[in-house]
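# What the coordinates show
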Amino acid sequence: MFTYTTNPDDISAAKHLLYDFYIKRMGWQFPKDTPTGWTIKEVNGQNILDDCYHDTSRWYIGRQDGKVETCLRVLRKTAESPLDVEHYNATPAFKAFLAQPAQYAEINRFGFFYEEHILYYMLNFWTRILEDALREGWTLVVTNGFGDSERFARVGLSPIPDATFKYHPDDTNTVSTFGIPTADIPRILKNCRQILHSMEG
């Protein structure tokens, strides 16, 4: 059910899911000129939520009865393409975290149809992503939202101290930034597997 995909139809379905989740259900309105190029497009007769990270994105989807019902994306940091969060989080603490010699990747764009399955979705995605990160030597970055802090704590994550920020000055809530160095991935992966096993058991 949960898989990494390069299929254009799967990716389009994931972006439509993000449009449905962020724009229609969450009522999110973003500025016209965001640093990451947020835009709404029509593809194959349906709206999708898109941005400028086509070339550095790795998409993961969860499918049920042939339909994409949840998605998550990983962005790889390159010399030409910073992480999405770097456009918004200018704290010295986060810059210091990124100054370490590492291959960085960011987990973002979590979308889903069924809110009651959030933890199950997250654990399945993270198990796959952490396995990939361990194999490829990534250091991961992720920000919290939709009650993520509690779920992140369950798998053993703590926020980077003094690295909170706002995506927009008018936002009422601050966002925490979490880092997962490569050396810490086995511990987090073990926790994810254990919780997932208890849920499926």
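That block above? That's the structure.
In this report, the structure presented in the accompanying data block is examined. Bear in mind that the values here come from a model prediction, so they are computed numbers and not experimental data. All residue numbers refer to positions counted from 1 along the written sequence of the respective chain. Residues qualify for local features only when their pLDDT is at least 70, as the model is predicted, and side-chain atom pairs are given and counted only at 80 or more; totals for whole chains, interfaces and linings, by contrast, use all residues. Values shown for side chains rest on all heavy atoms present in the structure; no hydrogens or waters enter the calculation.

## Points about the environment of E106
Strands are runs of DSSP state E lasting at least two residues, helices are runs of H or I lasting at least four, and both sets are numbered from the N terminus onward. Within the fold, E106 resides in strand β6 (residues 103–112). Judged by its relative accessible area of 1%, E106 falls in the buried class. With 45 residues separating them along the chain, E106 and I61 place their C-alpha atoms 16 Å apart. Ignoring any residue separated from it by four or fewer positions in sequence, one finds E106 in contact with R73, V74, L75, L83, D84, V85 and V141. Think of it in three bands: with a 1.4 Å probe and only protein chains considered, a residue is buried below 20% of the maximum accessible area for its type, exposed above 50%, and partly exposed in between. Any two residues whose heavy atoms approach within 4.5 Å are treated as being in contact.

## Section: the pattern of salt bridges
Any carboxyl oxygen of Asp or Glu that lies within 4 Å of a side-chain nitrogen of Lys or Arg is treated as forming a salt bridge with it. Counting across every chain of the model gives 13 salt bridges. Residue K41 pairs with D50 through a salt bridge whose shortest N-O separation is 3.2 Å. When its relative accessible area of 35% is taken as the criterion, K41 is described as partly exposed. In this structure D50 comes out as buried when scored by relative accessible area, which is 5%. With a shortest N-O distance of 2.7 Å, R109 and D84 are connected by a salt bridge. Here R109 is found in strand β6, whereas its partner D84 is found in the loop between β5 (67–76) and α2 (92–98), with 25 residues between them in sequence.

## Comments concerning helix α3 (residues 118–136)
Structural remark: α-helix, 3.6 residues per turn; residues separated by three or four positions point the same way. The terminal C-alpha atoms of α3, which comprises 19 residues, lie 26 Å apart, in line with the 27 Å expected from a rise of 1.5 Å per residue. Just beyond α3, the residue with positive phi is G137, at close to 75 degrees. A helix is expected to span 1.5 Å for every residue after the first.

## Observations regarding the side chain of D50
Inspection of the secondary structure puts D50 in strand β3 (residues 46–50). For the purposes of these results, a polar contact is taken to be a pair of N or O atoms within 3.5 Å, where, inside protein, one atom must be able to donate a hydrogen and its partner to accept one; residues adjacent in sequence count only when each atom of the pair is a side-chain atom. Among the polar contacts made by the side chain of D50, one reaches the side chain of K15 at a distance of 3.0 Å. At 3.2 Å, the side chain of D50 forms a polar contact with the side chain of K41. If sequence neighbours within four positions are ignored, D50 has contacts with K15, G37, W38, T39 and K41.

## Some thoughts on the state of the cysteines
Disulfide: a covalent bond connecting the sulfur atoms of a pair of cysteines. The disulfide criterion is simple: two cysteine sulfur atoms within 2.5 Å. Summed over all chains, the structure comprises 0 disulfides. The closest cysteine sulfur to the non-disulfide-bonded C52 is located on C71, 17 Å from its own sulfur. Taking relative accessible area as the criterion, C52 reaches 46% and is therefore assigned partly exposed. Of all cysteine sulfurs in the structure, the one in C71 sits closest to C192, which takes part in no disulfide; the separation is 18 Å. On the basis of relative accessible area, C192 is assigned to the buried category, the value being 0%.

## Digging into unusual backbone geometry
In this structure, N44 takes a positive phi of about 55 degrees despite not being glycine. Mapped onto the secondary structure, N44 falls in the loop between β2 (39–43) and β3. Overall, N44 belongs to the exposed group, its relative accessible area being 68%. A positive phi angle, close to 65 degrees, is found at D162, a residue other than glycine. Among the structural elements, D162 can be located in the loop between α4 (148–154) and β8 (177–180). By relative accessible area, which is 70% here, D162 ends up exposed.

Any functional reading would require information beyond the geometric quantities listed.
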